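Observations on the three-dimensional arrangement
For reference, the chains in residue letters:
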Amino acid sequence: MATFLRAFGRFFTKHPLAGNGLVYGTLYVGAEFSQQAITRKLLTDPPQDIDRPTLARYAVMGTFIYSPILYNWYKWLDKTFPGTAKRIIVKKLLLDQFVLTPPLLVIFFTGMSLMERQSSITEECRQKFLPTFARSCLFWIPAQTLNFVLVPPKFRVVYVGSCAFAWVNILCWVKRQKMLNSS
């Protein structure tokens with residue numbers, strides 16, 4: 001196990017974007033898988049199969065879309081606002097929550113709708129954006145406070161990925177909620 005961890009550490013240091021992408025994507029898919037295991041295997045009688053196309057969509061979103069955005073965002077944020085002074089942390093929190101999060105939610109809802117080939121790629125976003133953003137404030141502001149105070153910069157995306165495991169469980173739950181008819 002120690003050899004594996006050293007090898008992963010070397011890979012992560014040499015290829016931080018790829019390392020972050022693998023970890024974040026795995027956690028992202030893991031969150032959806034845990035949701036499906038509960039909703040499709042435990043709460044459904046008879047149990048249903050795991051929805052693999054949905055897992056694939058979450059893999060694309062977590063590995064190839066969110067991970068590079070987050071990697072570059074935190075790299076820029078730490079370079080632009082170095083340190084852990086209270087005023088720096090507050091700036092990072094405000095920028096993260098009110099500049100980055102809204103586009104990420106739009107990307108999530110419209111990207112998933114696009115991959116699902118829904119007739120309107122914006123309808124779900126329109127209906128679910130505000131309540132999801134409110135939930136994100138309650139979840140991410142405390143999580144990001146810990147991130148910016150305690151986590152070394154090279155591990156920010158992995159930390160956020162770990163938190164995202166819980167957050168994506170919330171997003172999966174929101175995504176499964178029925179939309180209002182837009183007639």
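Residues numbered from 1 in each chain as written. Predicted model: local features only at pLDDT ≥ 70, side-chain atom pairs only at ≥ 80, totals over all residues. Heavy atoms only, no water.

An unreviewed UniProt entry annotates the protein as Mpv17-like protein originating from Anopheles epiroticus. Recorded in UniProt under Subcellular location (unreviewed entry), the annotation for the protein is "Membrane". (UniProt positions renumbered as here; feature names shortened; annotations may be inferred.)

1. What to know about the layout of surface pockets
Of the pockets and cavities examined, the largest pocket occupies roughly 240 Å³. Lining the largest pocket are 16 residues, and of these Thr54, Glu116, Cys172, Lys175 and Arg176 sit closest to its centre. Breaking the lining of the largest pocket down by element, the ones donating at least two residues are helix 2 (16-42), helix 3 (52-80), helix 5 (123-150) and helix 6 (156-176). Looking at the lining of the largest pocket residue by residue, the class counts come to three nonpolar, four polar and nine charged. (1 Å grid on protein atoms, 1.4 Å probe; cavity = no way out; pocket = protein on both sides within 12 Å on 5 of 7 lines; lining within 4 Å. Points joined across faces, edges and corners; volume = space filled by probe spheres on them. Helix = DSSP H or I, 4+ residues; strand = E, 2+ residues; numbered from the N terminus. Nonpolar A, V, L, I, M, F, W, Y, C, P; charged D, E, K, R; others polar.)

2. Some words on the packing of aromatic side chains
Applying the stated criterion across every chain, the model contains 14 aromatic pairs. Judged by centre distance (5.8 Å) and plane angle (20°), the rings of Phe12 and Phe155 are stacked. With Phe12 in helix 1 (residues 2-14) and Phe155 in the loop between helix 5 and helix 6, the pair connects residues that are 143 residues apart, well separated along the chain. Classification of Phe12 as buried rests on a relative accessible area of 4%. Aromatic rings pair up to connect Tyr24, Tyr28, Tyr58, Tyr66, Phe108 and Phe109 into one cluster. (Phe/Tyr/Trp six-rings, centres within 6.5 Å; stacked < 30°, edge-to-face > 60°. Buried < 20%, exposed > 50% of the residue type's maximum accessible area, 1.4 Å probe, protein only.)

3. Comments concerning the nonpolar core
One finds Tyr24, Tyr28, Leu70, Tyr74 and Phe108 to be the most contacted residues of the largest nonpolar core, which totals 39 residues. Breaking this core down by element, the ones donating at least two residues are helix 2, helix 3, helix 4 (86-115), helix 5 and helix 6. Among the elements that make up this core, the one with the highest residue count is helix 6 (ten residues). Among all residues touching Tyr28, those that are not within four sequence positions of it are Tyr58, Met61, Gly62, Tyr66, Phe108, Val168 and Leu171. (Core = buried A, V, L, I, M, F, W, Y, C linked by side-chain atoms within 4.5 Å. Contact = heavy atoms within 4.5 Å.)

4. Considering empty space enclosed by the protein
Summed over all chains, the structure comprises one cavity of 30 Å³ or more. Estimates place the volume of the largest cavity at around 190 Å³. Around the largest cavity, the lining comprises 17 residues; the ones closest to its centre are Tyr66, Thr101, Leu104, Trp140 and Trp167. At the level of secondary structure, the elements contributing two or more residues to the lining of the largest cavity comprise helix 2, helix 3, helix 4, helix 5 and helix 6. Tallying contributions element by element places helix 4 first for the lining of the largest cavity, with five residues. Classifying every residue of the lining of the largest cavity by side-chain character gives 13 nonpolar, three polar and one charged.

5. Quick notes on the pattern of salt bridges
Summed over all chains, the structure comprises seven salt bridges. Close ionic contact of Lys128 with Glu124 constitutes a salt bridge, the shortest N to O distance being 2.7 Å. Here the residue Lys128 and the residue Glu124 both occupy positions in helix 5, the gap between them amounting to four residues, near one helical turn. A relative accessible area of 2% places Glu124 in the buried class. The partner of Lys175 in a salt bridge is Glu124, with the nearest N and O atoms 2.6 Å apart. Placement of the pair is Lys175 in helix 6 and Glu124 in helix 5, with a sequence separation of 51 residues. Under the relative-accessibility criterion, Lys175 is labelled buried at 11%. Several salt bridges share partner residues, and in doing so they unite Glu116, Glu124, Lys128 and Lys175 into one network. (Salt bridge = Lys/Arg side-chain N within 4 Å of Asp/Glu carboxyl O.)

6. Notes on the environment of Leu43
Note that Leu43 resides in the loop between helix 2 and helix 3. Each C-alpha atom of the pair Leu43 and Gln97 lies 34 Å from the other, and the pair is 54 residues apart in sequence.

7. Focus: the packing of helix 4 against helix 6
Viewed as axis vectors pointing N to C, helix 4 and helix 6 meet at an angle of 50°, and their least axial separation amounts to 13 Å. Considering the angle they form, helix 4 stands oblique to helix 6. In this structure, helix 4 meets helix 6 at a crossing whose hand is right-handed. Here Lys92, Leu105, Phe108, Phe109 and Met112 of helix 4 lie close against helix 6, whose contacting residues are Arg156, Trp167, Leu171, Val174 and Lys175. (Axes fitted to C-alpha atoms, helices over the stretch in contact; angles between N-to-C directions. Parallel < 35°, antiparallel > 145°, perpendicular 65-115°, else oblique. Left-handed = near helix turned anticlockwise from the far one by under 90°.)

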